[in-house]
Amino acid sequence: MNLNINEENNLLQCIICYRKVKKARMCPSCSKLGCHDCLFTWSAKQNECPSCRVYLKFSEYTNC
C-alpha cells in the first residue's frame, strides 16, 4: 500500500490538536490516534473517545 504524503500526514494527525501526534495513544475502538497530553487533558473532562464517543478511560488508550 503506497500512501502519498498528505494521506500519511492525516494518519499521524492528532484527533484533538490536529498536529503531528506526539507520544501517540490509540483508541482501541476506532483506532484513531491522539497525543498523550491531548488525550490526558481530554479524559480529565470526558470519559469518551473524542472521535467515536465510546466510553473510555485514559488508561484504556493503547500506547503506540
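Residues numbered from 1 in each chain as written. Predicted model: local features only at pLDDT ≥ 70, side-chain atom pairs only at ≥ 80, totals over all residues. Heavy atoms only, no water.

Peer 1: Tell me what's going on with the packing of aromatic side chains, and back it up with residues and numbers.
Peer 2: According to the stated counting rule, one finds two aromatic pairs in the structure shown. Considering the side-chain rings of F40 and F58, the 5.2 Å spacing of their centres and the 90 degrees angle between planes classify their relative orientation as edge-to-face. Taken together, the positions of F40 in helix α2 (residues 36-45) and F58 in the loop between α2 and β3 (62-63) put the pair 18 residues apart, joining distant regions of the chain. With a relative accessible area of 49%, F40 lands in the partly exposed category. (Phe/Tyr/Trp six-rings, centres within 6.5 Å; stacked < 30°, edge-to-face > 60°. Helix = DSSP H or I, 4+ residues; strand = E, 2+ residues; numbered from the N terminus. Buried < 20%, exposed > 50% of the residue type's maximum accessible area, 1.4 Å probe, protein only.)

Peer 1: Go over the pattern of salt bridges with me, naming the residues and quoting the values.
Peer 2: All told, the structure shown has one salt bridge when counted by the stated rule. As a salt-bridge pair, E48 and R53 come within 3.2 Å of each other at their nearest N and O atoms. For E48, a relative accessible area of 23% translates into the label partly exposed. Residue classification places R53 among the partly exposed positions, given a relative accessible area of 45%. (Salt bridge = Lys/Arg side-chain N within 4 Å of Asp/Glu carboxyl O.)

Peer 1: So what's going on with the confidence of the model for the protein? Which residues, and what values?
Peer 2: When pLDDT is averaged along the protein, the result is 90; 84% of the residues meet or exceed 70. Per-element averaging of pLDDT across the protein places helix α1 (residues 5-11) at the bottom with 61 and α2 at the top with 97. (pLDDT = per-residue confidence, 0-100.)

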